[in-house]
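In case you want the letters, here they are:
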Amino acid sequence: MKHHVLPIFIFLLSACLAAGDDDVTLVKCSTSKGPIRITVHENWAPIGAARFLDLVNSGFFTQVGLGRVVPNFLVQFGIAADPQVQRRWNAKGTILDDPDIHTPIKRGTIAFAGGGKNTRTTQIWISFNDNPGLGHSPWETAFAQVDPEDMHVVDSFYSGYGDMGAFGGKGPDQGRHQQEGNAYLRSEFPDLDYLLNCSVVPSQVDLPVQEEELEDSLLPGEEEDTESTPQADSADTIQRSEDEVVEE
Ligand SMILES: *[C@@H]1O[C@H](CO)[C@@H](O)[C@H](O)[C@H]1NC(C)=O
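Residues numbered from 1 in each chain as written. Predicted model: local features only at pLDDT ≥ 70, side-chain atom pairs only at ≥ 80, totals over all residues. Heavy atoms only, no water.

A word on helix α2 (residues 46-57). Turn by turn, an α-helix covers 3.6 residues, leaving residues three or four places apart pointing in a common direction. In this model, α2 (12 residues) spans 16 Å end to end at C-alpha, consistent with the 16 Å of a helix rising 1.5 Å per residue. For α2, the elements touching its buried residues are β1 (24-31), β2 (34-41), α3 (83-92), β6 (109-112), β7 (124-127) and β9 (194-200). G59 occupies a position one or two residues after α2 and carries a positive phi of about 80°. (Helix = DSSP H or I, 4+ residues; strand = E, 2+ residues; numbered from the N terminus. Expected span 1.5 Å × (residues − 1). Contact = heavy atoms within 4.5 Å.)

We now examine the packing of aromatic side chains. Scanning the entire structure with this criterion turns up 9 aromatic pairs. Ring centres 6.0 Å apart and planes at 80° place the aromatic pair F60 and W89 in the edge-to-face group. With a gap of 29 residues between them, F60 in the loop between α2 and β3 (64-65) and W89 in helix α3 connect regions that are remote in the sequence. Here the two residues F60 and W89 agree in accessibility, since each one is buried. With a centroid separation of 5.0 Å and 40° between ring planes, the pair formed by F112 and F143 is classed as tilted. Residue F112 is found in strand β6, and its partner F143 is found in the loop between β7 and β8 (144-146); the two are separated by 31 residues along the sequence. Here F112 falls in the buried class, since its relative accessible area comes to 0%. Members of the aromatic cluster, connected to one another through ring pairs, are F52, F60, F61, F77, W89, F112 and F143. Positioned over the ring face of W89 is K92, at 4.3 Å from the centre of the ring. Directly above the ring of Y194 sits R186, whose terminal nitrogen or CZ lies 4.1 Å from the centroid. (Phe/Tyr/Trp six-rings, centres within 6.5 Å; stacked < 30°, edge-to-face > 60°. Buried < 20%, exposed > 50% of the residue type's maximum accessible area, 1.4 Å probe, protein only. Lys NZ or Arg CZ within 6 Å of the ring centre and 35° of its normal.)

All chains considered together, the criterion is met by 3 cavities of 30 Å³ or more. Here the largest cavity defines a volume of roughly 90 Å³. Lining the largest cavity are G65, G67, R68, Q76, F77, G78, I79, Q123, M164, P172, Q174 and H177. Contributions of two or more residues to the lining of the largest cavity are made by β5 (74-77) and α5 (174-180). Of the residues assigned to the lining of the largest cavity, the class counts are 4 nonpolar, 7 polar and 1 charged. Approximately 40 Å³ is the volume found for the second largest cavity. (1 Å grid on protein atoms, 1.4 Å probe; cavity = no way out; pocket = protein on both sides within 12 Å on 5 of 7 lines; lining within 4 Å. Points joined across faces, edges and corners; volume = space filled by probe spheres on them. Nonpolar A, V, L, I, M, F, W, Y, C, P; charged D, E, K, R; others polar.)

Take the site of the ligand next. Residues in close proximity to the ligand include S30, L196 and N197, which together make up its full environment. At 2.3 Å, a side-chain N or O of N197 approaches an oxygen atom of the ligand. A total of 360 Å² of accessible area belongs to the ligand in isolation, and the protein chains cover 31% of it. (Near = heavy atom within 4 Å. Polar contact = N/O pair within 3.5 Å; in protein donor to acceptor, adjacent residues only side chain to side chain. Areas by Shrake-Rupley, 256 points an atom, 1.4 Å probe, with all protein chains shown as cover.)

Purely geometric stuff here, so don't read any function into it on its own.
Given below as structure tokens:
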């Protein structure tokens, strides 16, 4: 039977297992350009996935401005509409980096923006392209994937402001964005697109499956190295290349 099990079944079946390495959660977001579906892969980066789902479940991604849209690179977002909400999340502190299992950054892959080891908070990015240059910093471990069918929505996000000022663009300043929230975006960046809301889609594992297939799909668990040094730093940073670093 084993050779008849499609990869997608293996993936979803494993999601049924309490201690599964392949837990997936489907999140649906409405944006000002249409809906997008996001598959969260807890086995790629359990800590990042959990933080993202905490954010989703708390309603964080309501009216969140897509403040940094750099064509052929990424869209970065995750500063709350309401500065009080952002302050609460900042006060919760950063999360530890996940062990790097070398999940490649593909078109539509999502990871957190950070500014050094163990600095992830609320900002994430979606890669526009397959990008082997991204994902190598310890905080850039991929944790989710936009459904390929929905990437046309991501492609359509307004990019006219470009990158952040520090990198030659006209995009929002992250400091002011955090301090002033959407009032700043609405007054100075009227064309920005937004995530309108995101929520977890319940019972995503509902394909009919066979017991034997499930057993065949079991993979041996692997011990992961969780060694890491807490060392919070200031900026949410994405490295585009050696000389192109983006900070909050
Ligand atoms: C999300 O926003 C869309 C568009 O405004 C709306 O139709 C939908 O009901 C909202 N969903 C939730 C769960 O609030």
